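# Structural overview for review
For reference, the chains in residue letters:
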Protein chains: 4
Amino acid sequence: MVLAAVFNTPNEPLELKEFPKPEPEEGAIFAKIISAGICGTDIHVISGKVPWVPTPIILGHESVGIIEKLGDKVTTDSVGNIIKEGDRIYWALGIICGRCFYCMKGTRTRCLNRKAIGLSTPSDKPPHLQGGFAEYIYLSPQVTTFKLPDSLPTTALSSVGCAGPTVIAAVENVRIDFDDVVAVQGTGPVGSFAIVMAKERGARHVIAIDSAERLHFAKKIGADDVVDIKSQSDQKERVKKIKELAGGHGPDVIMDCTGNPKALPEAIDIVRDGGRVLELGAYADYGPSPINPYFITSRQISIIGSYSKIPRHEYEFVNFMAKKWKSYPFNEMVTHQFPLKEINQAIDIVKNRQGMKVLVTPSGPLSK
Amino acid sequence: MVLAAVFNTPNEPLELKEFPKPEPEEGAIFAKIISAGICGTDIHVISGKVPWVPTPIILGHESVGIIEKLGDKVTTDSVGNIIKEGDRIYWALGIICGRCFYCMKGTRTRCLNRKAIGLSTPSDKPPHLQGGFAEYIYLSPQVTTFKLPDSLPTTALSSVGCAGPTVIAAVENVRIDFDDVVAVQGTGPVGSFAIVMAKERGARHVIAIDSAERLHFAKKIGADDVVDIKSQSDQKERVKKIKELAGGHGPDVIMDCTGNPKALPEAIDIVRDGGRVLELGAYADYGPSPINPYFITSRQISIIGSYSKIPRHEYEFVNFMAKKWKSYPFNEMVTHQFPLKEINQAIDIVKNRQGMKVLVTPSGPLSK
Amino acid sequence: MVLAAVFNTPNEPLELKEFPKPEPEEGAIFAKIISAGICGTDIHVISGKVPWVPTPIILGHESVGIIEKLGDKVTTDSVGNIIKEGDRIYWALGIICGRCFYCMKGTRTRCLNRKAIGLSTPSDKPPHLQGGFAEYIYLSPQVTTFKLPDSLPTTALSSVGCAGPTVIAAVENVRIDFDDVVAVQGTGPVGSFAIVMAKERGARHVIAIDSAERLHFAKKIGADDVVDIKSQSDQKERVKKIKELAGGHGPDVIMDCTGNPKALPEAIDIVRDGGRVLELGAYADYGPSPINPYFITSRQISIIGSYSKIPRHEYEFVNFMAKKWKSYPFNEMVTHQFPLKEINQAIDIVKNRQGMKVLVTPSGPLSK
Amino acid sequence: MVLAAVFNTPNEPLELKEFPKPEPEEGAIFAKIISAGICGTDIHVISGKVPWVPTPIILGHESVGIIEKLGDKVTTDSVGNIIKEGDRIYWALGIICGRCFYCMKGTRTRCLNRKAIGLSTPSDKPPHLQGGFAEYIYLSPQVTTFKLPDSLPTTALSSVGCAGPTVIAAVENVRIDFDDVVAVQGTGPVGSFAIVMAKERGARHVIAIDSAERLHFAKKIGADDVVDIKSQSDQKERVKKIKELAGGHGPDVIMDCTGNPKALPEAIDIVRDGGRVLELGAYADYGPSPINPYFITSRQISIIGSYSKIPRHEYEFVNFMAKKWKSYPFNEMVTHQFPLKEINQAIDIVKNRQGMKVLVTPSGPLSK
């Protein structure tokens, strides 16, 4: 039997429950979970704010596993690396149909038949185990899988969570041009990785905006300048200050990674004429913000939304982390690890914003 | 001496005044005005709402002229067509420096040294005549000029005014993909030409949204479907209706050509997930609109501002009109012509929205 | 039993053979073929020049069918239109995995697991019927399907064959900018549709280059100018002539739709500095052409290859034809129809270039 | 009087000659040259291979100067930094008209009225001094100028020469996507900076291809792998090796920085399907290479030419060097410095490929 944490009812603890061990069908993979990150989205789901998630369900969409059993005909991961039982793998969140209206339109993140691991498939039917908060996971033949290189520690990969591919997708949408000055609003996991990606795409100067306690890490991960919203609490002064740090005309790109509806109007005040504002953080509905169309036209500003990612972004994320995990302080981002049985405590830590990245490690704690 | 209409004080009639005839310097052109369109922007300026326009000034930035005298060394227009005195020419609104911060950034419409003909240079210093509301105009060596082909009537070119190149620039920014469904909000000169450009760039279906009296022409110029905002006055019903006309998921692109701050939030409601909203009409400040960042992220929407144009867009506009002026009912758009001495009456017609395109024709009325 | 034409051995006639009627599995569709176009690629395959095609196989990848039987759970086509038995459908050529190296790289036409209907799956195993040269076809659950609107005649859709979506994909790759001057080399089905697409994407002027007998139709389908390679047989003179027709500096875009290795060097001679050359026709290996790297650098030219298409392009093709089939003389393109039993005669017609588009119509001849 | 080196006749030494000191007109700047790099193009010119360069002329288009005298009304550099006499400045090579056919088409590097400093304006008319191989230079009002930050050493900026902005322009044209594998053919100044730019734009892995003596530096400047064309002299084996280093399918992007016509066909053999080949090095005409159109179509390859740069690229180059000159071994690239009087010896060093970057330093040698 396999132990898993099941989400049944909003705002109640997850239920620990046992499920039968399934046999992988042709093309499928059965894997032991060694790391399952808790994402802000999981907290939204557990709070009942994401109505499209069915119950009962095993959550967990930021996981790493060890192959326990390969289904028939599986000899490689999705991109052609040879795999065998005992290998460590990572997999893409989404299964995209490739045939619906949105796939035809190229907006594949909004695929009408999209299945997201740990978010879409209820646990009451076999093979039950389709989320990361469990001892094992069943990866159907449609899942995109990636063998992990031995040199990449599990904690390094897990430290960024699904913020990694989400930011990679977003930067593709907003575009960072060579020599751009970029400001990042909000420096949690998403904003921290946004700083990294801005640098990696050739930004000349990155300004991080947040409260002081988070800016220390923002600086460490690559921000050239930081602006503390508390000591710079006057909005007008703050805008002026950031424009000055950017050379006077304002940054070329603002990346809003806050989830705070006040951030978007401020981004429009800050950005240079002709600049781009990425709206990346608004995963929950806090109502409208006042946006003046006059500035959008007369200052020629673009506001670009980016939602989730497609498997390509997870592919690029794994490649990036394998190459560069030592170049950034990713290892400092995992602040907590919990056994599966203590998952409800782990969730509380995230809910109360007491850590940076909190992992469930059902097969025992990971060394860094 | 040369008669010209001078704007001195907001909300007062333009003053008719005489200026000495200048000799064109090397590289310059002196031209007789045969058509000068009155643009909505002129009305804003005269109403005192565009503070960056200096006074006294000769307005008029939608003009066509006959070459009266060529400065030394001028043998061709800017793109290499041989010109001589007596030839009919058109010219670009803007003179862009190519060297300032915004030119370096590729946002050339916001060039910090931009001069706009009929909007930037006061008339109190020689050569005085740098706007279209006059018998003659002085085109400095920096102006981009285009010889007009004989087959293109002046009224056809003038019918669209500067809305033409403005829309061409905007469509470049918002991008129309092949097979896109496009909705156009507001069908004055800008919206009408937006319908044309959507079709020309391969849109499959164009839906025009306005009040009934304007939709007749919108249909004539190419709209496949029209939605009357008065008979469809319930906002929720209207959004539903437009989405249905677009096939259910909403149009791929919305082009807001209204100047009405209510249009942008409605555009976001209408557009499909992953779609693009062009904010093209907000040339005057009517304050903010409520925009929900949550929809921008979760539905992956882009809002794209576009401001004015650069000479390339006027080049493309002339080429387009020369080729296709007969394919659309442009000749119906010029509803009024006035001699220069009656310019204040002409301005009243535009102010009161009594016509589609109103021309000042200082050299006598034009036949169509 | 179902009659089908099987390709067993290069350069021998197809064999007419009977197969059992399969039951559609869940998600699949079984359809009666009413139109199956013969493509130039089929001729290459039958001649033994496409080694990756397995045998025995039922060819035919340009087909239209009537739904005979829907598998369980099929209630709509891939993009959400309700379908039922008796409805007319079209389907995409390719089945793309979405997970391999090339899918991760965004080069989905080169998907390593790609299955092309009528080109990839041998006929010796059930369900056997996976090509268009047959009375019926089995469309597996992975096929992208499109219900056809009643207003679109089957012959109109079939007239362009797979050249339609191939050109749509190619134009996406080469990009036609508004106001571009485009030259099309070769005006068979691919080049003819390239003329149409250039116009639809906003090209100002299209020049068709071919031998005189084909240029009549090129002109009819939209070419503004035509150049006969026989009467203009001097290569230098021809290049000069085409540049003149384009206004002196050469066309912005050249689309090579010939399959002739001499066309590419000539395209580079013709195109303006900074222009783009699309290499679309080289589906067979006729060896190298001499290309001077010096011109590519110093004249800043791009050469862009485009191969096949993905289902999105077939979606756009169906939408386009439904809207615009009457705007172009597509109905003149179907020159021959043959019953399935006479398929080998039909193939000979194509091989000898005696017709424009040759159809096999297993359910009886189609009226236009 | 001002000493300058004048190019009169191909293949003869430059003549040292004195010119009168000019007064800068309004908008102009007169500057003392402190560093003037010798570029491969200068060698081509002196060898008589660049027929469009007029004589007599003062060559030198990679220079840094100290402001000697500002013309009237000059208070800032082109992008708004305050400047005064004694400040160190850099300037863009090209003066672009912004109004000709090619400027209208967006191909501004091919501007029909382009003036390139040190390459376009003969020295026989005042103000004579329009090239870098002189004690002073006259920068006309149309030149784009950039004040240099004190923290950036002149030798660091000069080490890359005009290869810097040329590569920045090229990378914009070929596009480096995040996670791309890039191979660079040829690792002189252009190839070396191509390695840097590939890394800066997010390439995951860069492979340098050259002869062993140059690969040491290629590795030092950032190449992850190097391939010696001498020890790997079998072309087929070499292609295989490079594809393996790239992970099997070949690099996403090949940048040909060689000037050798054999490099382009090999690039096409190496690149992955759907990949891009940048042709950047073919500044001299060594005749055609055999390129198979079949590979371009069937493997969907793009070949992208890039020529020179526009002032934006010099702006970005200065910004980049100011920020990152310490991150790469640029200071090792200046191998020689010569006083102006020994310029002909300096030229011989470059001609014989004895150094990496050779500078003329008319105001005395520069410390690093």
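A brief look at the structure comes next. Quick caveat: nothing in here was measured; it's all calculated off a predicted structure.

Check the secondary structure of chain A and you find 11 helices and 18 strands. Overall size of chain A, expressed as C-alpha extent along the three principal axes, is 60 × 40 × 40 Å. Burial analysis of chain A (368 residues in total) assigns 63% to the buried set. For chain A, restricting intrachain contacts to residue pairs at least 6 apart in sequence, the fraction spanning at least 24 positions comes to 69%.

Turning our eyes to something else, we now look at the interface of chain A and chain D. Between chain A and chain D, the contact holds 18 residues from the first and 18 residues from the second. Buried area between chain A and chain D, both sides added, is near 1,600 Å², and the carbon and sulfur share of it is 48%. For chain A, the biggest contributors to the area lost against chain D are Phe178(A), Arg201(A) and Lys323(A); these three give 45% of the whole. Viewed at the interface, chain D and chain A are joined by two salt bridges. A salt bridge links Asp224(A) to Lys323(D); the nearest nitrogen and oxygen atoms lie 2.9 Å apart.

With that out of the way, let us pick up the relation of the copies chain A and chain D. Take chain A, turn it by 180°, move it 0.0 Å along the axis, and it overlays chain D with an RMSD of 0.0 Å. Look at the turn and shift together and you get a two-fold axis relating the two. When C-alpha distances to the rotation axis are compared across chain A, the minimum falls at Arg201(A), with a value of 2.3 Å. Looking at the interface residues of chain A, 100% of them are also at the interface in chain D, so both copies use one shared face.

Taken together, the 44 residues of chain A in the interface contact 44 residues of chain B. Summed over both partners, the interface of chain A with chain B comes to about 3,700 Å²; 55% of that surface belongs to carbon and sulfur atoms. Viewed at the interface, chain B and chain A are joined by six salt bridges. On inspection of chain A and its partner chain B, the count reaches 25 residue pairs in polar contact (both at pLDDT 80 or more). Those elements that place two or more of their residues in the side of chain A that touches chain B are α2 (101-104), β15 (289-291), α9 (293-298) and β16 (302-305) of chain A. Sort the elements by how many residues they give to the side of chain A that touches chain B and α9(A) lands first, with five residues. Class assignment of the residues belonging to the side of chain A that touches chain B gives a composition of 19 nonpolar, 15 polar and 10 charged. Pairing of β16(A) with strand β16 (residues 302-305) of chain B involves three bridges; the strand directions are antiparallel. Among the inter-strand pairings, Ile303(A) is bridged to a residue of β16(B), identified as Ile303(B).

Moving on to the sheet that holds strand β13 (residues 253-256) of chain D. Strand order in this open sheet of 12 strands is β12(C)-β11(C)-β10(C)-β13(C)-β14(C)-β16(C)-β16(D)-β14(D)-β13(D)-β10(D)-β11(D)-β12(D), and the pairing throughout is mixed. Two strands close off the open sheet at either side, each with one partner strand: β12 (225-228) of chain C together with β12 (225-228) of chain D. Direction aside, the axes of adjacent strands within the sheet are offset by 20° on average. In this sheet, strand β11 (residues 205-210) of chain D lies alongside strand β10 (residues 181-185) of chain D in parallel orientation, the contact comprising five bridges. Counterpart to Val181(D) in the pairing with β11(D) is His205(D).

On to the environment of Leu70(C). For Leu70(C), the position within the fold is in strand β4 (residues 63-70). If we skip the residues at most four places from it in the chain, Leu70(C) touches Pro24(C), Ala28(C), Ile29(C), Ile83(C), Lys84(C) and Glu85(C).

Once that is clear, we can look at the packing of helix α4 (residues 163-174) of chain D against helix α5 (residues 189-200) of chain D. Residue and element names in this part refer to chain D. Interhelical geometry of α4 versus α5 gives an angle of 50° and a closest axis separation of 9 Å. As judged from the angle between their axes, α4 and α5 are oblique. Like other packed secondary-structure pairs, α4 and α5 cross with a definite hand, here right-handed. Residue-level contacts link Ala 163, Gly 164, Val 167, Ile 168 and Val 171 of α4 to Pro 189, Val 190, Phe 193, Ala 194 and Met 197 of α5.

This next bit is on unusual backbone geometry. Residue Pro56(C) follows Thr55(C) across a cis peptide bond; omega there is -10°. Note on placement: Pro56(C) falls in the loop between α1 (40-46) and β4. Here Lys73(B), not a glycine, exhibits a phi torsion of approximately 70°, which is positive.

Following the criterion strictly, the structure yields 48 aromatic pairs over all chains and no others. Considering the side-chain rings of Tyr90(B) and Phe317(B), the 6.2 Å spacing of their centres and the 50° angle between planes classify their relative orientation as tilted. With a gap of 227 residues between them, Tyr90(B) in strand β5 (residues 88-91) and Phe317(B) in helix α10 (residues 311-324) connect regions that are remote in the sequence. Here Tyr90(B) matches Phe317(B) in class, with each residue buried. When the centroid spacing of 5.9 Å and the interplanar angle of 80° are considered together, the rings of Phe193(C) and Phe320(C) count as edge-to-face. Separated by 127 residues along the polypeptide, Phe193(C) in helix α5 (residues 189-200) and Phe320(C) in helix α10 (residues 311-324) bring together distant segments of the chain. Residue Phe193(C) is classed as buried on the basis of its relative accessible area, which comes to 2%. Under the relative-accessibility criterion, Phe320(C) is labelled buried at 4%.

Procedures and definitions
Residues numbered from 1 in each chain as written. Chains lettered and ligands numbered in written order. Predicted model: local features only at pLDDT ≥ 70, side-chain atom pairs only at ≥ 80, totals over all residues. Heavy atoms only, no water. Helix = DSSP H or I, 4+ residues; strand = E, 2+ residues; numbered from the N terminus. Buried < 20%, exposed > 50% of the residue type's maximum accessible area, 1.4 Å probe, protein only. Contact = heavy atoms within 4.5 Å. Buried area = accessible area lost by both parts, 1.4 Å probe. Salt bridge = Lys/Arg side-chain N within 4 Å of Asp/Glu carboxyl O. Least-squares fit on C-alpha atoms with pLDDT ≥ 70 in both. Polar contact = N/O pair within 3.5 Å; in protein donor to acceptor, adjacent residues only side chain to side chain. Nonpolar A, V, L, I, M, F, W, Y, C, P; charged D, E, K, R; others polar. Pairing = 2+ DSSP bridges. Axes fitted to C-alpha atoms, helices over the stretch in contact; angles between N-to-C directions. Parallel < 35°, antiparallel > 145°, perpendicular 65-115°, else oblique. Left-handed = near helix turned anticlockwise from the far one by under 90°. Phe/Tyr/Trp six-rings, centres within 6.5 Å; stacked < 30°, edge-to-face > 60°.

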